[in-house]
Amino acid sequence: MKLGFVMFPTQDAIAPGEFGALLEDRGFESLFLPDHTHIPAVTPEGDDVAALAPEFSKGMDALVALGAVAQATTTLRIGTGILLVPERDPIITAKQVASVDVLSGGRLHLGVGPGWIKQELRNHGTDPDDRWRVMRERVEAMRQIWTHDIASYHGDFVDFDHVTSWPKPVQRPHPPILVAGNGPRVAERVLAYGDEWIPMLRPGVLDHIAEFKKTVRRPGSDQPLPVTLFGGELRDADSYAAVGVDRVLFWVRPLDTARMTRTVDRIALQLGDRLR
């Protein structure tokens with residue numbers, strides 16, 4: 001089982017590239033960065049956004065920060081955990097993703113999700129009720145851009161003809177797409193437009209992962225799909241491995257360089273031989 005971290009990079013915390021180099025030096029496999037373009041000050045539904053940690057609204061852009069991590073590391077896998085695709089233009093995002101994959105030499109994993117703060121989605125022109133369908137179309141549209149010199153896509157939410165866009169990703173046909181979600185339709189969505197599953201740690205998720213690993217296969221394949229567990233607890237690493245988790249991402253709050261170094265060293269010492 002591979003071991004990595006997920007952290008919101010902020011202006012006052014350890015720099016993204018410095019954090020990536022720290023993890024690479026300590027033997028961790030990956031660093032994933034979350035995505036929120038903004039946090040609404042007020043939401044009509046009364047979503048408890050005021051209770052969110054400050055980094056949710058202060059976090060840097062995930063793809064920009066990953067570009068910095070890519071340039072500061074050589075072997076560390078990098079990823080989005082997760083990119084809120086319904087809030088992003090697919091043509092611009094396709095270029096950003098391909099650029100980061102090129103800068104990293106093909107080390108990017110693209111975690112995608114629909115978002116959950118309804119006003120945040122509305123501020124980007126997306127009806128919250130449509131977010132799953134918007135996400136699917138935008139992912140499918142980006143795949144067309146990555147895999148065709150001249151790309152076209154016609155859907156209910158995305159519509160373009162004869163688009164040319166470079167660079168193309170180093171990874172072929174494109175970086176692995178990790179589909180988020182913990183609901184009953186997640187396997188359907190992963191099979192439809194993803195490559196892997198990235199559930200969040202929630203009650204019952206380990207049972208769901210065990211069932212997913214046993215039963216979900218692509219047509220014509222007997223290989224289980226990879227699963228990355230988002231927000232795992234250090235004390236339960238053995239339980240994650242037992243149900244077939246391929247990668248676990250430990251959530252860490254953004255800290256300054258000195259405190260982050262101590263935190264990572266403590267976790268590395270606890271993990272011991274589990275590190276690569």
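Further up the page is the structure itself.
Values in this document were obtained by computation on a predicted structure and should not be read as measured data.

This brings us to the overall build of the protein. Helices and strands together make up the secondary structure of the protein, namely 10 helices and 10 strands. For 276 residues, the compact-globule estimate of 2.2 N^0.38 gives 19 Å, and the protein sits close to it at 18 Å. Based on the C-alpha atoms only, the size of the protein along its principal axes is roughly 55 × 45 × 40 Å. Looking at the protein residue by residue over its 276 residues, the buried ones come to 52%. Total accessible area computed for the protein in this model is approximately 12,400 Å², and 51% of it derives from carbon and sulfur atoms.

A word on the nonpolar core. The biggest cluster of nonpolar side chains holds 65 residues, and the ones touching the most others in it are Phe-5, Phe-19, Phe-28 and Met-260. Ranked by size, the runner-up nonpolar core spans nine residues in total, among them Phe-32, Ile-82, Ala-180 and Leu-249.

Taken as a whole and judged by the stated rule, the model has eight aromatic pairs. For the ring pair Phe-5 and Phe-19, a centre distance of 6.0 Å and an interplane angle of 75 degrees mean the geometry is edge-to-face. Here Phe-5 is found in strand 1 (residues 2-6), whereas its partner Phe-19 is found in helix 1 (residues 16-26), with 14 residues between them in sequence. Assessed through its relative accessible area of 0%, Phe-5 is described here as buried. Judged by relative accessible area, which is 0%, Phe-19 ranks as buried. Measuring from ring centre to ring centre gives 4.9 Å for Phe-8 and Phe-56, while their planes differ by 55 degrees; the resulting arrangement is tilted. Of this pair, Phe-8 sits in the loop between strand 1 and helix 1 while Phe-56 sits in helix 2 (residues 55-58); the two residues are 48 residues apart in sequence, bridging distant segments of the chain. Owing to a relative accessible area of 18%, Phe-56 belongs among the buried residues under this scheme. Three or more aromatic residues link up through ring pairs in this structure, and these residues are Phe-5, Phe-19, Phe-28 and Phe-250.

Now for the packing of helix 1 against helix 10 (residues 257-271). At a closest axis distance of 11 Å, the pairing of helix 1 and helix 10 adopts a crossing angle of 25 degrees. It follows that helix 1 is roughly parallel to helix 10 by the angle criterion. Remark: the crossing between helix 1 and helix 10 carries right-handed chirality. Taken together, the residues of helix 10 that come into contact with helix 1 (itself represented by Glu-18, Phe-19, Leu-22, Leu-23 and Arg-26) are Thr-257, Met-260, Thr-261, Val-264 and Asp-265. The residue makeup of the contact of helix 1 with helix 10, split by class, is five nonpolar, two polar and three charged.

Here helix 6 (residues 131-147) spans 24 Å end to end across 17 residues, near enough to the 24 Å set by a 1.5 Å rise per residue. All of the buried residues in helix 6 are Val-134, Met-135, Glu-137, Arg-138, Val-139, Ala-141, Met-142, Ile-145 and Trp-146. On its buried face, helix 6 sits against helix 4 (90-103), strand 4 (108-113), strand 5 (151-154), strand 6 (159-163), strand 7 (177-180) and helix 7 (186-193).

For the rest of this paragraph, the subject is the sheet that holds strand 10 (residues 247-251). The strand order across the open sheet built from eight strands is 8-7-4-3-2-1-10-9, with neighbouring strands paired in parallel fashion. Edge positions in the sheet fall to strand 8 (196-198) and strand 9 (228-232), since each of these pairs with one other strand and no more. This sheet shows a mean twist of 25 degrees between the axes of neighbouring strands, independent of strand direction. Pairing analysis gives three bridges linking strand 4 to strand 7, with the strands arranged parallel. By the bridge assignment, Val-112 is partnered in strand 7 with Val-179. Along the sheet, helix 1 contacts strand 1 and strand 2 (30-33); its crossing angle with strand 2, the most-contacted strand, is approximately 150 degrees.

Reading the values: rules and limits
Residues numbered from 1 in each chain as written. Predicted model: local features only at pLDDT ≥ 70, side-chain atom pairs only at ≥ 80, totals over all residues. Heavy atoms only, no water. Helix = DSSP H or I, 4+ residues; strand = E, 2+ residues; numbered from the N terminus. Rg over C-alpha atoms; globule rule 2.2 N^0.38 Å. Buried < 20%, exposed > 50% of the residue type's maximum accessible area, 1.4 Å probe, protein only. Areas by Shrake-Rupley, 256 points an atom, 1.4 Å probe, with all protein chains shown as cover. Core = buried A, V, L, I, M, F, W, Y, C linked by side-chain atoms within 4.5 Å. Phe/Tyr/Trp six-rings, centres within 6.5 Å; stacked < 30°, edge-to-face > 60°. Axes fitted to C-alpha atoms, helices over the stretch in contact; angles between N-to-C directions. Parallel < 35°, antiparallel > 145°, perpendicular 65-115°, else oblique. Left-handed = near helix turned anticlockwise from the far one by under 90°. Contact = heavy atoms within 4.5 Å. Nonpolar A, V, L, I, M, F, W, Y, C, P; charged D, E, K, R; others polar. Expected span 1.5 Å × (residues − 1). Pairing = 2+ DSSP bridges.

Spatial relationships are all this shows, so hold off on functional conclusions.
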